[in-house]
Amino acid sequence: MKNLFLTSIILLFTSFGFSQIPNYVPTNGLKLYMPFNFNINDESGNGNNGTASNTTFCLDRNLLPVSALDFAPASSQILINNLFDYSQKTVNLWIYAYSNTGGVIKSKHGSLLFGENSIYFWSNSLRMGYSDTAGGGGGTQVFSNPTNTWVMLTYTRSSDSIRYYLNGLQNRSSPIGFRATTTSSSSLSTRIGSDGWGEFDGRIDDIGIWDRALTNCEISDLYNSQNGSLMTYFFDTIITSNP
């Protein structure tokens, strides 16, 4: 029994080195998937790998080592040379914030203030929203104090509305307004953890971006499947990695 358990441990960590997309992650329209398992590679197969600065690997929400990324507030960020500028899209990620005093978690426009499809802390609250190319507009408050706990944030843009989700449940929605399109500028990119305006203080995990709006059912499944216990995740990984 001991040898079987040790073998399973070895298989588990070996599987991390060869990451694959879990079966609960929708692959239709998937443009980016970063699980941060030993690397910052895009596992979607689209080659949108990131470049990290001043980040460290850490435990994820299932207490698995080297499976999330820690962003200390000291110019920590990931730079991805892709705007993911789609007319319809979904952004999904997990965060564990140490504080909520300020900081950009995800921004589409690296050299501007917030940008379309931004997730950030401001005035002690977590906000998701979009703005125009001059940094105008504002965000939608989602959760007043999501610190020292893992939460899943989701942001979708369909043909008629923008929807904001917290832990798999729709929290707010707003009609489609001005869409900032900046694909003509090669200097802009997607940044995680910092945007020149503020630096996120916490951990980030399992970033996914799609070129379509995921359904409520798909978002709920993402949360429920990714929120399992350590042992559930452990045995599921062993089984799926070694059929």
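Quick caveat: nothing in here was measured; it's all calculated off a predicted structure.

The rules behind these values
Residues numbered from 1 in each chain as written. Predicted model: local features only at pLDDT ≥ 70, side-chain atom pairs only at ≥ 80, totals over all residues. Heavy atoms only, no water. pLDDT = per-residue confidence, 0-100. Helix = DSSP H or I, 4+ residues; strand = E, 2+ residues; numbered from the N terminus. Contact = heavy atoms within 4.5 Å. Core = buried A, V, L, I, M, F, W, Y, C linked by side-chain atoms within 4.5 Å. Buried < 20%, exposed > 50% of the residue type's maximum accessible area, 1.4 Å probe, protein only. Pairing = 2+ DSSP bridges. Polar contact = N/O pair within 3.5 Å; in protein donor to acceptor, adjacent residues only side chain to side chain. Phe/Tyr/Trp six-rings, centres within 6.5 Å; stacked < 30°, edge-to-face > 60°. Lys NZ or Arg CZ within 6 Å of the ring centre and 35° of its normal. Salt bridge = Lys/Arg side-chain N within 4 Å of Asp/Glu carboxyl O.

**Some points on the confidence of the model for the protein**
Note that predicted coordinates carrying low pLDDT should not be read in detail. Across the protein, the average pLDDT comes to 74, with 63% of residues at or above 70. Mean pLDDT values for the elements of the protein range from 38 in helix H3 (residues 230-241) up to 96 in strand E1 (residues 30-34). Long-range and interchain partners of residues 2-18, a stretch whose pLDDT sits below 50, account for 19 contacts in this model, where long-range means more than four residues apart. Within the model, the stretch residues 131-137 combines pLDDT values under 50 with 13 contacts to residues more than four positions away or in other chains.

**Examining the nonpolar core**
With 29 residues, the main nonpolar core has Leu93, Ile95, Ile105, Leu153 and Ile204 as its most contacted residues. Per-element tally for this core: the top contributor is strand E6 (residues 89-97), with 4 residues. Those residues within four positions of Leu93 in sequence are excluded, and the remaining contacts are Ile105, Ile119, Val151, Met152, Leu153, Ile204, Asp205, Asp206 and Ile207. Among the nonpolar cores identified, the runner-up in size contains 15 residues, and Tyr24, Leu30, Cys58 and Met152 belong to it.

**Brief notes about the pairing of E1**
Burial within E1 is extensive, with 4 of its 5 residues counted as buried. When E1 meets strand E15 (residues 202-210), the two strands line up antiparallel, connected through 4 bridges. Along E15, the bridge assignment pairs Met34 with Ile207.

**Quick notes on the side chain of Asp205**
Note that Asp205 resides in strand E15. For Asp205, a relative accessible area of 1% gives the class buried. At 3.1 Å, the side chain of Asp205 and the side chain of Arg61 are in polar contact. Not counting the four nearest positions on each side in its chain, Asp205 is found in contact with Met34, Pro35, Phe36, Asp60, Arg61, Ser67, Ala68, Leu93, Trp94 and Trp150.

**Description of the packing of aromatic side chains**
Enumeration according to the criterion identifies 4 aromatic pairs in this entry. Arranged with centres 5.6 Å apart and planes meeting at 15°, the rings of Trp94 and Tyr223 form a pair that is stacked. With a gap of 129 residues between them, Trp94 in strand E6 and Tyr223 in helix H2 (residues 216-226) connect regions that are remote in the sequence. Ring geometry for Tyr155 versus Tyr164: centroids 5.4 Å apart, planes at 85°, classification edge-to-face. Lying over the aromatic face of Trp94, Arg61 brings its terminal NZ or CZ to 4.1 Å of the ring centre.

**Side note on the pattern of salt bridges**
Pairing between side chains of opposite charge can happen when their charged atoms approach one another. Applying the stated criterion to the full structure yields 5 salt bridges. One connected set of salt bridges, linked through shared partners, spans Arg61, Asp205 and Asp206.

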